[in-house]
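A look at the structure
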Amino acid sequence: MIRAGRRGGVRTFVAVHLDPSTRAALATASAELRAHAGELPIAWVAPENFHVTVKFLGGIDEGRVPAVIDALRAAAAGRRAFDVEIRALGAFPSPTRPRVLWAGVAEGGDSLSALAAAVGDALTPLGFEREARAFAAHVTLARVREARRAPALAAALGAAASRRFGRMTIDHLALMRSDLSPRGARYTPLSTVPLLR
């Protein structure tokens, strides 16, 4: 079995994209959180990179990319596009000792979970392991490099616990390539697979 992140080659993940207005609203929220982060060492995700990860694949050989795309087509076959709402800010594992700052998926989360399960099922025959944890749809806004208490940040997250950032239609899956550099990650779409409209 292939363990995510344990191989070289092309670093890839399966994602759904956000529409421009939702991305802009999250960029504003991210900037507001930054003002409350104080000295907490945080790597902020660039707004153009905001997305929902459906499955992280890690490093795969370039020659296997077509088979992965075929598996995504199988996962999407017969599935209809659906709406989701991006709402609320939070942190894993908790707002008081955050490691990941996120925006949540409210309405449409069940449909997104079902799509993620179909993607996992389609990729298992190719040797990709199923996720051990339950799928938790979210948009990563930042990663905290060192867990510390941050009361002002926790309060800001709590104040945005029901804030709405946008409603959009999920109408495709994207296989993304991730290239890391000192300036951060650069994401490039390798293929998009449509859902039924």
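Everything quoted here is computed from the prediction, not taken from an experiment.

**So, the layout of surface pockets**
As a volume, the largest pocket reaches approximately 1700 Å³. Along the walls of the largest pocket sit 48 residues, with Thr 53, Phe 56, His 138, Thr 140 and Arg 143 positioned nearest its centre. Element by element, the count of residues in the lining of the largest pocket is highest for strand 3 (residues 51-60), at 7 residues. Looking at side-chain class alone, the lining of the largest pocket contains 26 nonpolar, 10 polar and 12 charged residues.

**So, unusual backbone geometry**
It is generally the case that most residues other than glycine have a negative phi and that most peptide bonds are trans. With an omega dihedral of -5 degrees, the bond running from Phe 92 to Pro 93 counts as a cis peptide bond. Positive phi, close to 85 degrees, is recorded for Ala 88, a residue that is not glycine. Inspection of the secondary structure assignment puts Ala 88 in strand 4 (residues 82-92).

**Structural notes on the environment of Trp 44**
By secondary structure assignment, the location of Trp 44 is in strand 2 (residues 42-44). A sequence separation of 96 residues divides Trp 44 from Thr 140, and the C-alpha atoms of the two residues are 9.0 Å apart. Not counting the four nearest positions on each side in its chain, Trp 44 is found in contact with Ser 30, Leu 33, Arg 34, Ala 37, Leu 101, Leu 141 and Ala 142.

**A word on the packing of aromatic side chains**
For the structure shown, the criterion picks out 2 aromatic pairs. With a centroid separation of 5.0 Å and an interplanar angle of 75 degrees, the aromatic rings of Phe 13 and Tyr 187 are classed as edge-to-face. Of this pair, Phe 13 sits in strand 1 (residues 10-17) while Tyr 187 is found in strand 9 (residues 184-194), placing the two residues 174 residues apart along the sequence. Phe 13 gets classed as buried once you look at its relative accessible area, which sits at 4%. Summarising the aromatic geometry, the rings of Phe 92 and Trp 102 are spaced 5.5 Å apart at their centres and angled 35 degrees between planes, so their arrangement reads as tilted. With Phe 92 in strand 4 and Trp 102 in strand 5 (residues 100-105), the pair connects residues that are 10 residues apart, well separated along the chain. The exposure class of Phe 92 is partly exposed, given its relative accessible area of 32%. The exposure class assigned to Trp 102 is buried, which follows from its relative accessible area of 18%.

Conventions we followed
- Residues numbered from 1 in each chain as written.
- Predicted model: local features only at pLDDT ≥ 70, side-chain atom pairs only at ≥ 80, totals over all residues.
- Heavy atoms only, no water.
- 1 Å grid on protein atoms, 1.4 Å probe; cavity = no way out; pocket = protein on both sides within 12 Å on 5 of 7 lines; lining within 4 Å.
- Points joined across faces, edges and corners; volume = space filled by probe spheres on them.
- Helix = DSSP H or I, 4+ residues; strand = E, 2+ residues; numbered from the N terminus.
- Nonpolar A, V, L, I, M, F, W, Y, C, P; charged D, E, K, R; others polar.
- Contact = heavy atoms within 4.5 Å.
- Phe/Tyr/Trp six-rings, centres within 6.5 Å; stacked < 30°, edge-to-face > 60°.
- Buried < 20%, exposed > 50% of the residue type's maximum accessible area, 1.4 Å probe, protein only.

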